[in-house]
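# Examination of the molecular architecture
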Amino acid sequence: MSPQENKALVRRFVEEMQNAHDLDALDTFFSPDFVDHSGLSDPPTLEGSRGLFTMMFAAFPDMHFTIQQQIAEGDQVVTLKTFHGTHEGTFMGIPATGKQVEINNIDIFTVRDGKLAEHWAVGDFLGMLQQIGAVPAPG
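The rules behind each value
Residues numbered from 1 in each chain as written. Predicted model: local features only at pLDDT ≥ 70, side-chain atom pairs only at ≥ 80, totals over all residues. Heavy atoms only, no water. Helix = DSSP H or I, 4+ residues; strand = E, 2+ residues; numbered from the N terminus. Buried < 20%, exposed > 50% of the residue type's maximum accessible area, 1.4 Å probe, protein only. Polar contact = N/O pair within 3.5 Å; in protein donor to acceptor, adjacent residues only side chain to side chain. Contact = heavy atoms within 4.5 Å. Patch = residues over 30% accessible without salt bridge, like charges linked within 9 Å, V, L, I, M, F, W, Y side chains within 5 Å. Areas by Shrake-Rupley, 256 points an atom, 1.4 Å probe, with all protein chains shown as cover. Salt bridge = Lys/Arg side-chain N within 4 Å of Asp/Glu carboxyl O. Expected span 1.5 Å × (residues − 1). Phe/Tyr/Trp six-rings, centres within 6.5 Å; stacked < 30°, edge-to-face > 60°. Lys NZ or Arg CZ within 6 Å of the ring centre and 35° of its normal.

To continue, consider the environment of Gln4. Mapped onto the elements of the fold, Gln4 is located in helix 1 (residues 3-19). In this structure the C-alpha to C-alpha distance between Gln4 and Asp27, which are 23 residues apart in sequence, comes to 22 Å.

Written as structure tokens, this is what we have:
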């Protein structure tokens, strides 16, 4: 696939799985041997990612990502996106607060054979914890 086709695949993943909260779509987008290097999924596999998204959809039922920018080269796609959501369910053991959250996130996906095969991520999780009141904000 070309870099442009790879970008389109990642955009479809964000819209059709993440924003539509469609866990079944993981099988459409992720390769069976998917590896998550982000440290977010436990285990770092397709099934670990399914567990992570199950928790995120329950914790932030209005969870939505807005793609700000994408860069693709070869088989890799880098996406800067903004996460929006309301903390209405348990998140990492933290009870719902009803607070709005907005953080930036950078994903790097490797595409193989038309599927997302590997993932790395950097997100402002400290900012998220501060926004829901789990960690005090500086100052």
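Next, the rest of the story.
Quick look at the side chain of Asp107 now. With respect to the element layout, Asp107 can be found in strand 4 (residues 100-112). Residue classification places Asp107 among the buried positions, given a relative accessible area of 5%. Reaching out from Asp107, the side chain makes a polar contact with the side chain of Lys81 at a distance of 2.6 Å. Looking at Asp107, its side chain comes within polar contact range of the side chain of His119, at 2.7 Å. Excluding residues that lie within four positions of it along the chain, Asp107 makes contacts with Val77, Val78, Thr79, Lys81, His119, Trp120 and Ala121.

Our next topic: a nonpolar patch on the surface. Residues Ile71, Val78, Ile106 and Val122 make up a contiguous nonpolar surface patch of about 330 Å² in total accessible area. Following the sequence through the fold, Val122 ends up in strand 5 (residues 115-123).

This paragraph deals with helix 1. Taking 1.5 Å per residue, 17 residues should reach 24 Å; helix 1 reaches 23 Å between its end C-alpha atoms and fits that length. Among all positions of helix 1, only Asn6, Lys7, Leu9, Val10, Phe13, Val14, Met17, Gln18 and Asn19 are buried. His21, located one to two residues past helix 1, shows a positive phi value of around 55 degrees.

With that settled, consider the packing of aromatic side chains. What the rule picks out here adds up to 10 aromatic pairs. Both rings, one in Phe13 and one in Phe30, keep their centres 5.3 Å apart while their planes meet at 35 degrees; by these two values the pair is tilted. One end of the pair, Phe13, is in helix 1; the other, Phe30, is in strand 1 (residues 30-36), and 17 residues separate them in sequence. A single burial state applies to Phe13 and to Phe30, both of which are buried. With a centroid separation of 5.3 Å and 85 degrees between ring planes, the pair formed by Phe60 and Phe83 is classed as edge-to-face. Linking Phe60 in the loop between helix 3 (46-59) and strand 2 (64-73) with Phe83 in strand 3 (residues 76-86), this pair joins segments that are 23 residues apart in sequence. On the basis of relative accessible area, Phe60 is assigned to the buried category, the value being 0%. A relative accessible area of 2% places Phe83 in the buried class. The side chain of Lys81 reaches across the aromatic face of Phe65, ending 4.2 Å from its centre.

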